[in-house]
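Results of the structural survey
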Amino acid sequence: DYDDVFIGSGTAWHDIAWKGDRLSSSILVLSKSNPVTGLQATVSDFKGGAGTIPASCVTVSAQKEVKAYIGRGGNWNNDANKENVPDVIYGPLPIDLEAERLQSLWISIDIPEEAAAGAYTGTITLDCEEADAPITFQYSFEVLDLVQPDGDTEGYEPFSVNLWQYPFTTARYYGIPAADSFG
């Protein structure tokens, strides 16, 4: 349902990162009534007063959808309780889209540890064979003068994280009535 996911047609994005950090964002592409052939992305270098972060630090990947349970419980073996959700980051562009398709693109920006602190700006441009003109997104971020510690940094113990981020699955696992918990 396009209306449910359409927030606006913004083409600017801003965030803040540490040195050695990774920034992530997504871009939604709507094919409307015609298919899209060869959707591709071109990334510029990110430049700032203190230096440059090369385009090679940016990855643009397509996301596949998976069937996920929605709602507040019910018959969990019933496919009527499932919807397509973009979840799997699966590969590089270019890709083709069917007509009336909403496609999520995942953007990852790896900030090098040696990057200078300061503000950076760059662009991500989407184009396809059917486009009259490419669409350019203005990306900017600030790199703080802090370094993201890696797992080998002294004083940091290794650890493992097991995240359950889907509240209905968690509720079902622990026997919590979902309708009462997520009202």
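Read on for an overview of the structure. (Residues numbered from 1 in each chain as written. Predicted model: local features only at pLDDT ≥ 70, side-chain atom pairs only at ≥ 80, totals over all residues. Heavy atoms only, no water.)

Where strand β6 (residues 58-69) and strand β9 (residues 102-110) come together, 5 bridges link them in antiparallel fashion. Its bridge partner being in β9, T59 is matched across the sheet by S108. Across 9 bridges, β6 lies against strand β7 (residues 82-92) in antiparallel orientation. From the neighbouring strand, E65 faces β7, where its bridge partner is P86. (Pairing = 2+ DSSP bridges. Helix = DSSP H or I, 4+ residues; strand = E, 2+ residues; numbered from the N terminus.)

Our next topic: the nonpolar core. Most often, soluble globular proteins have nonpolar side chains that are buried together. In terms of nonpolar packing, the biggest core is built from 29 residues, with I27, I53, L105, I109, I111, Y139 and F141 touching the most fellow members. Breaking this core down by element, the ones donating at least two residues are β1 (12-19), β2 (22-30), β3 (36-43), β6, β8 (95-97), β9, β10 (118-127) and β11 (135-147). In this structure, I111 is in contact with A17, W18, K19, G20, D21, L23, I53, F141 and V143, ignoring residues within four places of it in sequence. (Core = buried A, V, L, I, M, F, W, Y, C linked by side-chain atoms within 4.5 Å. Buried < 20%, exposed > 50% of the residue type's maximum accessible area, 1.4 Å probe, protein only. Contact = heavy atoms within 4.5 Å.)

Time to look at the packing of aromatic side chains. All chains considered together, the criterion is met by 3 aromatic pairs. Pairing F46 with F141 gives two aromatic rings, centres 5.2 Å apart and planes at 40 degrees, and the pair type is tilted. Taken together, the positions of F46 in strand β4 (residues 46-48) and F141 in strand β11 put the pair 95 residues apart, joining distant regions of the chain. Taken individually, F46 and F141 each receive the classification buried, so the pair is uniform in this respect. Following the ring pairs from residue to residue traces out a cluster consisting of F46, Y120 and F141. For K64, the ring lying beneath its charged end belongs to Y90, and the centroid distance is 4.9 Å. (Phe/Tyr/Trp six-rings, centres within 6.5 Å; stacked < 30°, edge-to-face > 60°. Lys NZ or Arg CZ within 6 Å of the ring centre and 35° of its normal.)

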